[in-house]
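Per-entry structural report
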Amino acid sequence: MPSVQQNRPRGWWYPWIFVGGFGLVFVVNAILLTLATVTFNGFETREPSNRRNGYNDKIAASAEQARLGWNGSLSLQPLSTGSADGGRTARVTMTFTGAEGHPLDGLDVAVLVWRPTQEGLDRHVELPPAGPGTYARDIAFPLPGLWELRVSAGRGDSVQWRTIERIDLR
């Protein structure tokens, strides 16, 4: 009996290109999905549970601050045009008034000078009294650009007033 060889039609393997392509996409997606669920827990901050637990305390502190009726205003006066590395010196002044508009003296005013774009340059600074209800200090900012001033004021060990101000030193 003669053997009959059947010839496959031309392009018989073309559908297998699509099957292989979809298989490759499936394998890559499975790898990426596994890496995403194993390596990232969804939290972007350090100690997120501690930050979350303090949220109600922050709401209560904000309500207490509103109840006191204190007003504070921050002013920034550049004192130097900058050093060789681009740093600036500025006079940071906080002025506080009570609910009736009278100056608030005898406060302990602290400022956290924070650089949101770079670690290692943050520091705490105390603002001494500079007049009725006014607290000021010259602060050296090592680099130009965006800085955040986190101001807290109070009497004794308790902080009764907080604010956050972003400044741009150029």
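Bear in mind the structure is a predicted one, so any value in this text is a computation, not a measurement. (Residues numbered from 1 in each chain as written. Predicted model: local features only at pLDDT ≥ 70, side-chain atom pairs only at ≥ 80, totals over all residues. Heavy atoms only, no water.)

From N to C terminus, the protein chain includes three helices and eight strands. Moving toward the C terminus, one meets the helices and strands of the protein chain in the order α-α-α-β-β-β-β-β-β-β-β. Here the protein chain holds 170 residues, and 22% of them are scored as buried. In the protein chain, the proportion of contacts linking residues at least 24 apart, taken out of those at least 6 apart, comes to 58%. When the accessible surface of the protein chain is totalled, it reaches about 12,400 Å², and 56% of it is carbon and sulfur. (Helix = DSSP H or I, 4+ residues; strand = E, 2+ residues; numbered from the N terminus. Buried < 20%, exposed > 50% of the residue type's maximum accessible area, 1.4 Å probe, protein only. Contact = heavy atoms within 4.5 Å. Areas by Shrake-Rupley, 256 points an atom, 1.4 Å probe, with all protein chains shown as cover.)

This part takes up the nonpolar core. F96, L107, V109, V113, L127 and F141 are the most contacted members of the largest nonpolar core, which has 22 residues in total. Mapped onto this core, the elements with two or more residues apiece are β2 (88-97), β3 (108-114), β4 (123-127), β6 (134-141), β7 (145-155) and β8 (158-169). (Core = buried A, V, L, I, M, F, W, Y, C linked by side-chain atoms within 4.5 Å.)

Taking 1.5 Å of rise per residue, the 14 residues of helix α3 (residues 55-68) would be expected to cover 20 Å, and the 20 Å separating its terminal C-alpha atoms lies within 8% of that figure. Immediately beyond the C-terminal end of α3, within one or two residues, lies G69, with a positive phi of roughly 75°. (Expected span 1.5 Å × (residues − 1).)

In this sheet, β2 lies alongside strand β1 (residues 71-78) in antiparallel orientation, the contact comprising eight bridges. Bridge pairing in β2 links S73 to T95. Bridge count for β2 against β6 is eight bridges, and the pairing is antiparallel. The residue of β6 that forms the bridge with A90 is I139. (Pairing = 2+ DSSP bridges.)

The quantities given are spatial measurements derived from coordinates; they are silent on function.
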